[in-house]
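# Breakdown of the fold
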Amino acid sequence: MSTPFLSVRDLHVHFSTEDGIVKAVDGLSFDIEAGKTLGIVGESGSGKSVTNLAILGLHDPANTEITGEVLLDGEDLLGVKEKRLETLRGNTMSMIFQDALASLSPYHTIGQQIGETYRKHTGASKKEARARAVEMLTRVGIPQPDIRVDDYPHQFSGGMRQRAMIAMALVCDPKLLIADEPTTALDVTVQAQIMDLLKDLQQQTGTSIIFITHDLGVIADIADEVLVMYGGRCVERGTKKEVLADPQHPYTWGLLGSMPTLDGPVDVPLTPIPGTPPSLLNPPTGCRFHPRCTFTEQVSGNRCVDETPELRLVDGRGAACHLTPEQRREFFTEFTAARTA
Ligand code: SF4
């Protein structure tokens, strides 16, 4: 692997609350190469979004303790001043959110909002910023961009607002784009268009992308590498092919079992993962997935409850589970047979 553009090392993000410390992210490490896409997948509350807000330096320092390293092109973002982060945000790194309507100001035109970001980071004139906004709207496929640039967000459809937000995020040609469930609120056709747009833009610009989602189907479309998060930790890592075709962790099997297959019979029922995600105020001991896992009795002793499974990676591949490789192979074969029978 070449030198990563972003390297996150042993990241912990803990929040102080009236009820105690919430360990939202607990010892997360990963790398992304320039021009590649890392898909981070997990349920709500798994720590996906918290991780990315920490990379961007958007947590409130008054009640958040962040430790570890976030190296962006060799610079540790956890050690820099807020002013430096402000320069990097929107310029070297930027983010698109799920809810474009809530993220865009209703009082300013789309062109003003794209242009404002551009002016802030480049010192361009208003005229230059407007021209750049039209150029960006053209790039993201907004029809009649020289007219629509003067529209307000409410005059755009949901898909067009999402495109406008992508235009705003990319206006300064960032090297890192964090996309937090950017297609969840859109219908399937528009979702596919936005994914194609992101892939095209990445090919043109070489931007690294972190794509956060709860949907493995979306991961299959866009990611190069995949990180599966559960209860604030990484439970499985690998290339997209490794994680989707040969998943090693019971939680990843659960995620797969709760989504439809393309190659199996249409009447196979979807199987939701039993139970709910863990409280991060009082997380379960041992493996955080153990209260929901149906394989705990296959592990000798009480290890799933008593002992935290380590994530040991070989060539970037691995899963944090006490099951032996032979057991995982056997159980995943059974799981696949049940889904395609
Ligand atoms: Fe299940 Fe135990 Fe593996 Fe955790 S370590 S996923 S509880 S079998």
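Note that the coordinates shown come from a computational prediction; the quantities given were computed from them, not determined experimentally.

## Thoughts on the pattern of salt bridges
A full pass over the atoms with the stated rule returns 16 salt bridges. A salt bridge links Arg84 to Glu75; the shortest N-O distance between them is 2.9 Å. According to the relative accessible area criterion, Arg84 is partly exposed, its value standing at 34%. A salt bridge links Arg130 to Asp150, with the nearest nitrogen and oxygen atoms 2.7 Å apart. On the criterion of sequence distance, the pair formed by Arg130 in helix H5 (residues 126-139) and Asp150 in the loop between helix H6 (145-148) and helix H7 (158-170) is long-range, its members being 20 residues apart. Note on Asp150: relative accessible area 39%, which makes it partly exposed. Connected through shared salt-bridge partners, Arg132, Glu135, Arg139 and Asp173 make up one network.

## Remarks on the site of the ligand
The environment of the ligand is made up of His249, Pro250, Cys287, Phe289, His290, Cys293, Thr296, Val299, Cys304, Cys321, His322 and Leu323. Here the ligand occupies the largest cavity. Here the residues of the shell around the ligand sort into eight nonpolar, four polar and no charged.

## Some remarks on empty space enclosed by the protein
Applying the stated criterion across every chain, the model contains two cavities of 30 Å³ or more. Taken as a whole, the largest cavity holds about 80 Å³ of empty space. Cys287, Cys293, Cys304, Cys321 and His322 are the residues nearest the centre of the largest cavity, which is lined by 13 residues in total. Its volume calculated, the second largest cavity comes out at about 40 Å³. In this structure, the second largest cavity is lined by Leu170, Leu177, Leu198, Leu201, Gln202, Thr205, Thr207 and Ile209. Take the lining of the second largest cavity: its biggest share by element is four residues, from helix H8 (residues 188-205).

## What to know about the packing of aromatic side chains
Taken as a whole, this structure holds seven aromatic pairs when the rule is applied. With a centroid separation of 4.7 Å and 55 degrees between ring planes, the pair formed by Tyr230 and Tyr251 is classed as tilted. Here the residue Tyr230 occupies a position in strand E9 (residues 225-230), and Tyr251 occupies one in helix H11 (residues 250-257), the gap between them amounting to 21 residues. Each of the two residues, Tyr230 as well as Tyr251, counts as buried. By the ring-pair criterion, three or more aromatic residues cluster together here, those being Trp253, Phe295, Phe331, Phe332 and Phe335.

## Structural notes on the sheet that holds strand E1 (residues 6-17)
Spatially, E2-E1-E4-E5 is the arrangement adopted by the four strands of the open sheet, whose pairing is antiparallel. The open sheet has two edge strands with one neighbour each: strand E2 (20-32) and strand E5 (75-76). Direction of pairing for E1 relative to E2: antiparallel, over a ladder of 10 bridges. If you follow Val13 over to E2, its bridge partner there is Val25.

## A look at the pairing of E1
Here eight bridges tie E1 to strand E4 (residues 64-72), and the two strands are oriented antiparallel to one another. Bridging across to E4, Val13 finds its partner in Ile66.

## Concerning H11
Within an α-helix, residues lying three or four positions from one another point in the same direction, as the helix has 3.6 residues per turn. H11 sits mainly inside the fold: eight of its eight residues count as buried. Residues Pro250, Tyr251, Thr252, Trp253, Gly254, Leu255, Leu256 and Gly257 constitute the buried set of H11. Its buried side turned inward, H11 meets strand E3 (37-41), helix H9 (216-222), E9, strand E10 (233-239), helix H10 (240-245) and helix H13 (325-340).

## Considerations on unusual backbone geometry
In this structure, Asp10 takes a positive phi of about 45 degrees despite not being glycine. Within the secondary structure layout, Asp10 lies in strand E1. Although it is not a glycine, Asp173 adopts a positive phi angle of roughly 50 degrees. Looking at the secondary structure, you find Asp173 in the loop between H7 and strand E7 (176-180). In this structure Asp173 comes out as partly exposed when scored by relative accessible area, which is 42%.

## Regarding the sheet that holds strand E6 (residues 93-96)
With respect to topology, seven strands assemble into an open sheet ordered E6-E7-E8-E3-E9-E10-E11, the strand pairing being mixed. Each having just a single partner strand, E6 and strand E11 (318-319) make up the two edges of the open sheet. Of the pairings in the sheet, the one linking E6 to E7 comprises four bridges and is parallel in character. The residue bridging Met95 from the neighbouring strand is Ile178, located in E7. Helix-sheet contacts for H8 involve E3, E6, E7 and strand E8 (208-213), and the interaxial angle to E8 is about 160 degrees.

Reading guide: rules and limits
- Residues numbered from 1 in each chain as written.
- Predicted model: local features only at pLDDT ≥ 70, side-chain atom pairs only at ≥ 80, totals over all residues.
- Heavy atoms only, no water.
- Salt bridge = Lys/Arg side-chain N within 4 Å of Asp/Glu carboxyl O.
- Buried < 20%, exposed > 50% of the residue type's maximum accessible area, 1.4 Å probe, protein only.
- Helix = DSSP H or I, 4+ residues; strand = E, 2+ residues; numbered from the N terminus.
- Near = heavy atom within 4 Å.
- 1 Å grid on protein atoms, 1.4 Å probe; cavity = no way out; pocket = protein on both sides within 12 Å on 5 of 7 lines; lining within 4 Å.
- Sits in = over half its atoms within 2 Å of the grid points.
- Nonpolar A, V, L, I, M, F, W, Y, C, P; charged D, E, K, R; others polar.
- Points joined across faces, edges and corners; volume = space filled by probe spheres on them.
- Phe/Tyr/Trp six-rings, centres within 6.5 Å; stacked < 30°, edge-to-face > 60°.
- Pairing = 2+ DSSP bridges.
- Contact = heavy atoms within 4.5 Å.
- Axes fitted to C-alpha atoms, helices over the stretch in contact; angles between N-to-C directions.

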